[in-house]
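Below, each chain spelled out in residue letters.
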Amino acid sequence: MDVTQFLDQPVIGYFVGGRFSSLDHAPAIDLISPYTVKKWKSYIPANEQDTHKAIEAAKGALPSWKATPSPERARILRKIGDLLLANSDTFADLMAHEMGKPVTQGKGEVSYTAGYFHWFAGEAERIYGMTIPSQFPNKELMIQYEPVGVCAAITPWNFPIAMAGRKIAAALAAGCTMINKPSSESPISMLLLAHLCQRAQLPDGVLNIIPGPEETIGKVLLASPVVRKISFTGSTEVGKYLYRESADTLKKLTMELGGHAPLLVFDDADIDAAVAGTIASKFRNNGQTCVCPNRIFVQKKIYREYLDKLKQEAAKLKVGDPLDPGSDLSPILHPSAEAKVVKQVADAQEKGAKTLLQGERPCNPCILADVTSEMLIYREETFGPVAAVIPFETEEEGIAMANDTPFGLASYFFSRDLSRCKRVASALQYGIVGVNDPIPSTYQASFGGVKYSGFGREGGPTAIKEYLTEKYISFVYGAS
C-alpha cells in the first residue's frame, strides 16, 4: 500500500504491534478540518484495553530491538528520515487540514523532523561506554549504557510530527521501544509516520501510535510498571500532574513544558536584523509555539525606531489560505489560543497599552506598545500572533525584566557588542538562548528548559542519554 492508498482509506486505525486496527474495532471518530470546517478524515481511537496491548507489544519487541546492532538501527532510522523528506508535500497538506499550518511552515516541520531521525541514526552508533583505571591489578571497572526500556511519548497538536519525531528517534536509536499518544486533534500525520516506519522495515511493536482519549490512555501509561520513561511536551500544569502520577513507578521523565520567552533588543543592535528576527520568531505558526517571544524588551534609545519598523514589517505579513505557499500566517488559530488572544489584548488595552497594529480577527498580527507588568500578557504565555513591546533603560534592568518569570525555556536578544553578548547570554535564566538568532532550534543542539519549563533535553549530543541507563560493572579476573 502506497501513501496515497493509505490516506484514501475511509477510516485509519490506531497502530499497535505493527498493525493498524480493523475498522470494526470501535466507532470511528470524524475529524473536522479547521481549514474547510468539514469532515476530512476518520480514525479509530485506542481505549484502555488497546493501551495495555500497546504496552505488551512494546515490551515484547524490546529484547530483539535492544539486541539489534546499532548500525542496523541506524540504517532504519535513516530510511525513516528519507521517507519523511520524500513525502514532505503530503505531510504539509495534512498539517494544513489538521491544524491550519501554512504549507511552507509544514514543509519546514518535515525537514526538521527528518533531521532528528538522521541525527540520531548517527548517535545510535556512538553510544560509548568506558573503562575506569582500578587500584587493584586484577580488577577491571567498566561503565556501559543500556536502553531504559519501554518508553511513552505524549505530544501536542501544534507540531504534529516534530514533537513526537524527536522523541521517537532518540528512543529508537538508544534501543528502546516506544508508544506515542499524539493529540486527538492532529493524529493523522503520526499515523502516516507509522505507515512510513512499516515501509522502512521497523520491526513490529518497536513503535506504537495510539490516538484517543487523553485521560484514559494517560492513566494506563502512568500506572504501568512496564513503561520506564515518559517524555511529554505540553503545559506546565499537565506536566506537574504527570510528574506526580509517575512517582509510584519511579519513571524516568523528560518534560518540555510552557514557555514565556523574552526577546531583548539593545541599543547597539542592528535594528533591521532585530525586527526581521522578531517577525520570524514571534509570528511563526501564528505564535503558537512554546519558544516564540511573548515579551519584547527594547532599550529606550531605539524604542520608537524599532516600533515603527516592526509595525511596518508586521503589516506586510499575509494572512491567507494555508495551502497557498504565499501565506505567512494562517487564518486558523486554535480555539484556546484565540480566546487567550482576545482576553489578553483587551486587558492590555484597558490598562493603557497602545495598539500599533490590530486586525479584525485574532489570527491577524497585533502589536501592543508600552506594555507593563500589571497586564496579563506580561505574565502569561499568549500562544498567538501578538507582540507585546516593553521599554527598558539599562542592560541590568532588561536582564532583570527578562528573568522575571517562573518559566525558563527559550530567550533571545540582539546586540553587536561581543562583551555584552557574553554577559547577557550567561545572565539569562533559560535553557535556550538565541544571540542574534531568532530560530535557534535544530536537531544538532539540545532543546529544553529550566524552572517551570521542565527538565531533560531533546536533540544534540546529550539527548540520547535521556533514553539510556548507566550500568557499572566491577570485574575481578583470575579468581578461582
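Scoring rules and cut-offs
Residues numbered from 1 in each chain as written. Predicted model: local features only at pLDDT ≥ 70, side-chain atom pairs only at ≥ 80, totals over all residues. Heavy atoms only, no water. Helix = DSSP H or I, 4+ residues; strand = E, 2+ residues; numbered from the N terminus. Rg over C-alpha atoms; globule rule 2.2 N^0.38 Å. Buried < 20%, exposed > 50% of the residue type's maximum accessible area, 1.4 Å probe, protein only. Contact = heavy atoms within 4.5 Å. Phe/Tyr/Trp six-rings, centres within 6.5 Å; stacked < 30°, edge-to-face > 60°. Pairing = 2+ DSSP bridges. Axes fitted to C-alpha atoms, helices over the stretch in contact; angles between N-to-C directions. Disulfide = S-S within 2.5 Å. Parallel < 35°, antiparallel > 145°, perpendicular 65-115°, else oblique. Left-handed = near helix turned anticlockwise from the far one by under 90°. Nonpolar A, V, L, I, M, F, W, Y, C, P; charged D, E, K, R; others polar. Salt bridge = Lys/Arg side-chain N within 4 Å of Asp/Glu carboxyl O. Expected span 1.5 Å × (residues − 1). Core = buried A, V, L, I, M, F, W, Y, C linked by side-chain atoms within 4.5 Å.

K.L.:
Could you give an account of the overall build of the chain, with specific residues and numbers?
P.N.:
Each helix and strand counted, the chain has 15 helices and 22 strands in total. Taken over the C-alpha trace, the chain has a radius of gyration of 24 Å; the compact-globule value for 480 residues is 23 Å, and the two agree within 12%. Along the first, second and third principal axes, the C-alpha set of the chain runs to 80 × 65 × 40 Å. Counting over 480 residues, the chain shows a buried share of 57%. In the chain, the proportion of contacts linking residues at least 24 apart, taken out of those at least 6 apart, comes to 72%.

K.L.:
Please give an account of the packing of aromatic side chains that cites residues and values.
P.N.:
Tallying each qualifying case throughout the model produces 13 aromatic pairs. For the pair Trp119 and Tyr443, a centre-to-centre distance of 6.4 Å together with 50° between the ring planes defines the contact as tilted. Taken together, the residues Trp119 in helix 5 (residues 103-124) and Tyr443 in the loop between strand 19 (432-435) and strand 20 (450-451) connect sequence positions 324 residues apart. Geometrically, the ring pair formed by Phe266 and Phe413 is edge-to-face, given 6.1 Å between the ring centres and 80° between the ring planes. With a gap of 147 residues between them, Phe266 in the loop between strand 12 (261-265) and helix 10 (271-282) and Phe413 in strand 18 (residues 410-414) connect regions that are remote in the sequence.

K.L.:
Now, about the sheet that holds strand 19: what can you tell me, with residues and values included?
P.N.:
Within the open sheet, the seven strands sit side by side as 14-15-16-13-12-18-19. Their pairing is mixed. Every interior strand has two partners, whereas the edge strands, strand 14 (354-357) and strand 19, have only one. Adjacent strand axes in the sheet meet at a mean angle of 20°, parallel and antiparallel pairs treated alike. When strand 15 (residues 366-369) meets strand 16 (residues 386-392), the two strands line up parallel, connected through three bridges. Residue pairing in the sheet places Leu368 in a bridge with Ala388 of strand 16. The strands touched by helix 11 (residues 303-314) within the sheet are strand 12, strand 13 (293-299), strand 14, strand 15 and strand 16, with strand 16 carrying the most contacts at an inclination of about 170°. The strands that helix 12 (residues 335-350) touches are strand 14, strand 15 and strand 16; relative to strand 15, the one it contacts most, it runs at about 30°.

K.L.:
Got a sec to walk through the state of the cysteines? Specific residues and values, please.
P.N.:
By the definition in use, this model includes zero disulfides. The structure places no disulfide on Cys292, whose sulfur is separated from the nearest cysteine sulfur, that of Cys290, by 8.4 Å. Residue classification places Cys292 among the buried positions, given a relative accessible area of 1%.

K.L.:
I'd like a rundown of the packing of helix 3 (residues 70-86) against helix 7 (residues 188-199), residues and numbers included.
P.N.:
The interhelical angle for the contact between helix 3 and helix 7, taken along N-to-C directions, is 130°, at an axis separation of 9 Å. As the angle between them shows, helix 3 and helix 7 are arranged oblique. Considering how the two elements wind past one another, helix 3 and helix 7 form a crossing that is right-handed. Residues Ile80, Leu83 and Leu84 of helix 3 pack against Leu193, Leu196, Cys197 and Arg199 of helix 7. Here the contact of helix 3 with helix 7 is composed, by residue class, of six nonpolar, no polar and one charged.

K.L.:
Requested: an account of the pattern of salt bridges, with residues and values cited.
P.N.:
One pass over the full model with this rule turns up 25 salt bridges. For Glu458, the salt bridge identified is with Lys167, shortest N-O distance 2.6 Å. Highlighted residues: Glu458 in the loop between strand 21 (454-455) and strand 22 (468-476) and Lys167 in helix 6 (residues 162-174), separated in sequence by 291 residues. Like Lys167, Glu458 is buried. Taken together, the shared-partner salt bridges connect Asp267, Asp268, Glu395, Arg420 and Arg423 into one network.

K.L.:
Explain the sheet that holds strand 6 (residues 139-147) to me, using residue names and the numbers behind them.
P.N.:
Spatial strand order, 5-6-22: three strands in an open sheet with antiparallel pairing. Bordering the open sheet on either side are strand 5 (130-132) and strand 22, each of which pairs with just one other strand. The average undirected angle you get between the axes of adjacent strands in this sheet is 25°. One ladder, built from nine bridges, connects strand 6 with strand 22; its direction is antiparallel. If you follow Gln144 over to strand 22, its bridge partner there is Lys471.

K.L.:
How would you summarise the pairing of strand 15 if you had to cite specific residues and measurements?
P.N.:
Judged by which residues are buried, strand 15 turns out to be covered on both faces: Cys366 and Leu368 on one side and Ile367 and Ala369 on the other are all buried. Note that strand 14 and strand 15 share three bridges and pair antiparallel. Residue Lys354 lies in a different strand from strand 15, and its bridge partner there is Ala369.

K.L.:
Tell me about unusual backbone geometry, residues and numbers included.
P.N.:
The backbone phi angle of Asn285 is positive, close to 55°, even though this residue is not glycine. Within the element layout of this structure, Asn285 appears in the loop between helix 10 and strand 13. Phi angles above zero are rare outside glycine, and Asn436 is one such case at about 60°. If you trace the backbone, Asn436 turns up in the loop between strand 19 and strand 20.

K.L.:
Account for helix 7, with residues named and values stated.
P.N.:
A rise of 1.5 Å per residue sets the reference length of helix 7, with its twelve residues, at 16 Å; its end C-alpha atoms lie 17 Å apart and thus fit the reference within 8%. Considered for burial, the residues of helix 7 that qualify are Ile188, Ser189, Met190, Leu191, Leu192, Leu193, Ala194, His195, Leu196 and Cys197. Remark: Gln201 follows helix 7 within two positions and exhibits a positive phi of approximately 65°.

K.L.:
Describe the nonpolar core, listing the residues and the values that go with them.
P.N.:
If you look at the biggest cluster of nonpolar residues, it comprises 96 residues, and the most contacted ones within it are Leu84, Phe120, Leu172, Met178, Ile188, Tyr306 and Val389. If one sorts the elements of this core by residue count, helix 6 sits on top with ten residues. Not counting residues up to four positions away in its chain, the partners in contact with Met178 are Cys151, Ala152, Ala153, Lys167, Ile168, Ala171, Leu172, Val206, Leu207, Asn208 and Tyr467. If you look at the next biggest cluster of nonpolar residues, it comprises 27 residues, including Met375, Phe413, Cys421 and Leu428.

Everything listed here is a matter of geometry and, on its own, says nothing about what the molecule does.
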